[in-house]
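The lines below spell out each chain.
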Amino acid sequence: MAILSVPYAILPSIEDTHDDDIDNYMKLQKSVHRSILSVSEKKRCEWKNMFLGHPSSWCVGSSRDWLFLLDANGFPSLLNPSSAMSICLPNFPIEFIPSGSYFYYDPYVVRIFVSKAVLMHSPSPSQYTLVIIYGSSCKLAFCTEHGTWVQLHDAKRSYCDIVFLNNVLYALAEGGSVEAWEFRNNQRVPNKVFDVKPTMEIDKEERRQFPIDLFSTQMYLVISEGEFLLVKRYIGNFVTADGLVVYEGYSEDDGNEICPYRTKHFVVYKLDFTKINWEKKSSLHDQVLFLGANESTSLPAKAFSGCEANSIYFTDDRWQEMGLDYLYGGQDWGVFSLQDGSVKLLTPDENRLDPPPIWVVPTSQGFCS
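Residues numbered from 1 in each chain as written. Predicted model: local features only at pLDDT ≥ 70, side-chain atom pairs only at ≥ 80, totals over all residues. Heavy atoms only, no water.

Per an unreviewed UniProt entry, the protein chain goes by KIB1-4 beta-propeller domain-containing protein and derives from Canavalia gladiata.

In structure tokens, the structure reads:
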């Protein structure tokens, strides 16, 4: 497979997704084949042996053309799918592990242990800096080529998202605060350079449209054209095939309708550093956002044929629920238009995609920070 210069999603192998029996499911977990869907061509193509040498590995996410993997025993590594180069990473210290014991024999726990991984720069075996959000408390930790994982100093909150820009890590916490740490080559421990707690005005209409008993929210941090954006994602917890958000236990006359979760809306805010508040932003103009398991990224739509400007391309990152029901998971991915508020699913006929789609956003042309 040639090196791609446009954003694309990694999907399960086309050849491995047509049989629902248990034997095929076990084969799927060990498959080294994948398929991809590029935003330009809008068609799905097979990529043989993408995970060659990494059977049964779980792909946590992507950053700067690289994938962060956990193998069947929970040991981490990096993989560049275009070059097939891989980098073994230090094993997690025992104090990171739930309940103080090794948890790697439980595939479900391995899948939810790390929710985001971002690289400071394109890595090599002799030089890399990687930061993760991990554990049920969503803590931050980093590792470098010096060979160990370290909890990030003075990161005391529960975090939703992390991004790198110019050797500085920015972290979005659950309450909407933003913290930053600077990583310097001559320092083993990064310095915390700021911590802001912006306010956000309560939108009563938004609460009416997306009540908390029917919707869940996820938040992302994106740096776009010099602006810090907070993106709030509204997910209907149970959604019918017709798009109706319903309560758990809903059923039609036959009582057999499956109602998996589905993203229904996004709201974008920008950080006003003068007023220290999040202000609603009605348009991304020519920009397009890529959100999900990948490092949250903003790109100019005009740079890539087929990209829809003023839109958000998203994938399913609802890790806690993906493994709870074999009937769905990974299916919640598509394109949201800020222009008209519509959501277009990219595989509308799929109720389950395992492994789930993950965006890979190329950085070779310098569009990403």
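### A closer look at the side chain of glutamine 331
Stated precisely, the cut-off is as follows: Strands here are runs of E lasting at least two residues and helices are runs of H or I lasting at least four, both read from the DSSP assignment and numbered beginning at the N terminus. The rule is simple: take the accessible area with a 1.4 Å probe, protein chains only, and divide by the maximum for that residue type; under 20% is buried, over 50% is exposed, in between is partly exposed. Think of a polar contact as two N or O atoms within 3.5 Å of one another; within protein, one of them needs to be a possible hydrogen donor and the other a possible acceptor, and neighboring residues in sequence only count if both atoms come from side chains. Residue contacts follow a heavy-atom distance rule, with two residues in contact if any of their heavy atoms lie within 4.5 Å.
Inspection of the secondary structure assignment puts glutamine 331 in the loop between helix H4 (319-322) and strand S24 (334-337). A relative accessible area of 7% means that glutamine 331 is categorised as buried. Reaching out from glutamine 331, the side chain makes a polar contact with the backbone oxygen of tyrosine 261 at a distance of 2.8 Å. The contact partners of glutamine 331, leaving out residues within four places of it in the chain, are Pro260, Tyr261, Asp316, Glu350, Asn351, Arg352 and Leu353.

### Thoughts on the nonpolar core
Heads up, the rule is: The criterion is simple. A nonpolar core is a set of buried Ala, Val, Leu, Ile, Met, Phe, Trp, Tyr and Cys residues joined through side-chain atoms within 4.5 Å.
Ranked by size, the top nonpolar core spans 43 residues in total, and within it Phe68, Phe92, Val114, Leu130, Ile132 and Trp149 carry the most contacts. Of the residues forming this core, the biggest block, five residues, is contributed by strand S5 (residues 66-70). The next biggest cluster of nonpolar side chains, apart from the first, holds 22 residues, and it includes Val163, Val178, Met219 and Leu221.

### A closer look at a nonpolar patch on the surface
Test applied: Each patch is built from residues that are more than 30% exposed by relative accessible area and take part in no salt bridge. Like charges join if they lie within 9 Å; nonpolar side chains (Val, Leu, Ile, Met, Phe, Trp, Tyr) join within 5 Å. Each accessible area is a Shrake-Rupley result for a 1.4 Å probe, and residues are judged covered by the shown protein chains and nothing else. Just to be clear on terms, a salt bridge is a Lys or Arg side-chain nitrogen sitting within 4 Å of an Asp or Glu carboxyl oxygen.
On the surface, a cluster of nonpolar side chains totalling about 320 Å² of accessible area is made up of Ile258, Tyr326 and Leu327. You can see leucine 327 is positioned in the loop between H4 and S24. The exposure class of leucine 327 is partly exposed, given its relative accessible area of 35%.

### Let's talk about the environment of cysteine 59
Its location among the elements puts cysteine 59 in strand S4 (residues 58-63). Each C-alpha atom, one on cysteine 59 and one on proline 356, is 8.9 Å from the other, the two residues being 297 residues apart in sequence. Aside from chain neighbours lying at most four places away, what touches cysteine 59 is Phe51, Leu67, Phe68, Leu69 and Ile358.

### Some remarks on the sheet that holds strand S7 (residues 85-88)
Applicable threshold: Here a strand pair is declared whenever DSSP counts at least two bridges between the two strands. Helix axes are fitted to C-alpha atoms over the stretch in contact, other axes to C-alpha atoms as well, and angles between N-to-C directions run from 0 to 180 degrees.
Spatially, four strands are ordered S4-S5-S6-S7 in an open sheet, and the strand pairing comes out antiparallel. What marks the edges here is a single partner per strand, and that holds for S4 and S7. Between one strand axis and the next, the sheet turns through 25 degrees on average, direction left out of account. Across five bridges, the pairing between S4 and S5 is antiparallel. Looking at the pairing, serine 63 lines up with tryptophan 66 of S5.

### Notes on the confidence of the model for the protein chain
Selection criterion: As a per-residue measure, pLDDT reflects the predictor's confidence and takes values from 0 up to 100.
In this model, the protein chain carries an average pLDDT of 88, and 89% of its residues clear a pLDDT of 70 or more. Taken together, the stretch residues 21-26 has pLDDT below 50 and engages in four contacts with residues farther than four places along the chain or on a different chain. Low confidence marks residues 364-369, where pLDDT is under 50. Its contacts with residues over four positions away, or in another chain, come to 15 contacts.

### Points about the sheet that holds strand S14 (residues 178-182)
A sheet is described by the order of its strands in space; here four strands give the open sequence S12-S13-S14-S15, paired in antiparallel fashion. The sheet is open, and its two edges are formed by strand S12 (159-165) and strand S15 (191-196), each paired on a single side. Adjacent strand axes in the sheet meet at a mean angle of 20 degrees, parallel and antiparallel pairs treated alike. Taken together, the five bridges between S14 and S15 define a ladder with antiparallel strand orientation. Bridging from a neighbouring strand, valine 178 pairs with valine 196 of S15.

### What about unusual backbone geometry?
The omega torsion of the bond from aspartate 354 to proline 355 falls at 5 degrees, within 30 degrees of zero and hence cis. Among the secondary structure elements, proline 355 is positioned in the loop between strand S25 (343-345) and strand S26 (358-360). At lysine 42, a residue that is not glycine, the phi angle is positive and equals roughly 55 degrees. As for its position among the elements, lysine 42 is in the loop between strand S2 (34-38) and strand S3 (44-47). Here lysine 42 falls in the partly exposed class, since its relative accessible area comes to 48%. For asparagine 49, which is not a glycine, the phi torsion comes out positive at approximately 60 degrees. With respect to the secondary-structure elements, asparagine 49 resides in the loop between S3 and S4.

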